[in-house]
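A look at the structure
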Amino acid sequence: GIVFLLCGVLGAFTRRLVTEAGERHAQALDQVTRMDTANELLVALHGVAQTLPASLDLGEVLDSTRTRLRNLFTFSTLVVLVRDKPRQIWSVDLVEGIRLPPQLTDAQLAPELVRATESNHGAVVVDHAETGNTTISPMSRSGLYAPLRARGQLVGIIALEHTEANAFTAADANLLSGLTGALALSVDNALWFGR
């Protein structure tokens, strides 16, 4: 009986050690995953910082932006609107996956784009079917939207949409928000240079 009791105690102790080791392993994997995500974000931001501010031509800035966004995100629709403040319109300077007129008024902006103009960081819409809001592309189910702010002014909006729900995450919104600072400054510099 004593031998069975000792075996039971030893088994329970061993199980507790194995459970604790498993929890520590899961915590270590979670930390490594978070560090890997942070590293990817830093590499992406470094790449953008290296390429975007180099040009004073708006077309080159937007072409570089398109390439960078294709490398970082999967999307079916891409739109970059640049604010023409004196004329109170939005210039459609980069569009992919849908046809848009060359200029839009504030009244023609989709609700998510209006929200982006009022925000300071990127926002994710998991499923437009749940919110009932109009999207840029009628086929889109999810979206990622961010304002482009430079020198305290709104210079544009960037929008990525996908035909599938749940295509973007909060990490994607953080990544896009990190990219918008350099992009907004590049767009603003190109606009000033063009003037």
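Here is a short report on the structure shown in this document. (Residues numbered from 1 in each chain as written. Predicted model: local features only at pLDDT ≥ 70, side-chain atom pairs only at ≥ 80, totals over all residues. Heavy atoms only, no water.)

A closer look at the pairing of strand β6 (residues 153-162)
With eight of 10 residues buried, β6 is to be regarded as a mostly interior element. Of the pairings in the sheet, the one linking strand β5 (residues 142-150) to β6 comprises nine bridges and is antiparallel in character. By the bridge assignment for β6, Tyr 145 is matched with Ala 159. Between β5 and β6, which pair antiparallel and follow one another directly, the connecting turn spans two residues, one of which, Arg 151, has a positive phi of 55 degrees. (Buried < 20%, exposed > 50% of the residue type's maximum accessible area, 1.4 Å probe, protein only. Helix = DSSP H or I, 4+ residues; strand = E, 2+ residues; numbered from the N terminus. Pairing = 2+ DSSP bridges.)

Some words on unusual backbone geometry
Unlike most non-glycine residues, Gln 88 shows phi in positive territory, near 55 degrees. Relative to the helices and strands, Gln 88 is located in the loop between β1 (77-84) and β2 (89-96). Gln 88 sits in the partly exposed class, given a relative accessible area of 43%. The backbone phi angle of Arg 151 is positive, close to 55 degrees, even though this residue is not glycine. Here Arg 151 is to be found in the loop between β5 and β6. Judged by relative accessible area, Arg 151 falls into the exposed class, the value being 53%.

Quick word on the pattern of salt bridges
Overall, the coordinates contain 10 salt bridges when judged by the stated rule. Between Asp 84 and Arg 87 there is a salt bridge; the shortest N-O distance is 3.5 Å. Take Asp 84: its relative accessible area is 22%, and that puts it in the partly exposed class. Via salt bridges that share partners, Asp 63, Arg 66, Arg 70 and Glu 96 belong to a single interconnected network. (Salt bridge = Lys/Arg side-chain N within 4 Å of Asp/Glu carboxyl O.)

Remarks on the nonpolar core
General note: in soluble globular proteins, nonpolar side chains tend to be found buried as a group. In terms of nonpolar packing, the biggest core is built from 28 residues, with Leu 69, Phe 73, Leu 78, Ile 158 and Leu 160 touching the most fellow members. Elements supplying a minimum of two residues to this core: α2 (58-72), β1, β5, β6 and α5 (170-194). Ranked by residue count, the leading element in this core is α5, at nine residues. Once residues within four sequence positions are removed from consideration, Ile 158 is found in contact with Leu 69, Leu 78, Val 79, Val 80, Leu 144, Tyr 145, Ala 146, Leu 148, Leu 176, Thr 180 and Leu 183. Leu 81, Trp 90, Leu 109 and Ile 136 belong to the second largest nonpolar core, which has 14 residues in total. (Core = buried A, V, L, I, M, F, W, Y, C linked by side-chain atoms within 4.5 Å. Contact = heavy atoms within 4.5 Å.)

Here we look at the sheet that holds β6
If you walk across this open sheet you meet the six strands as β3-β2-β1-β6-β5-β4, and the pairing is antiparallel. Of all strands in the sheet, those bounded by a partner on one side alone are β3 (103-104) and β4 (123-125). Here α5 sits on the sheet in contact with β1, β4, β5 and β6, set at roughly 40 degrees to β5. (Axes fitted to C-alpha atoms, helices over the stretch in contact; angles between N-to-C directions.)

As for the environment of Gly 156
Its location among the elements puts Gly 156 in strand β6. A relative accessible area of 0% means that Gly 156 is categorised as buried. Residues Gly 156 and Leu 183 lie 27 residues apart in sequence; the distance between their C-alpha atoms is 9.7 Å. Setting aside chain neighbours within four positions, we find Gly 156 in contact with Leu 81, Val 82, Arg 83, Trp 90, Pro 147 and Leu 148.

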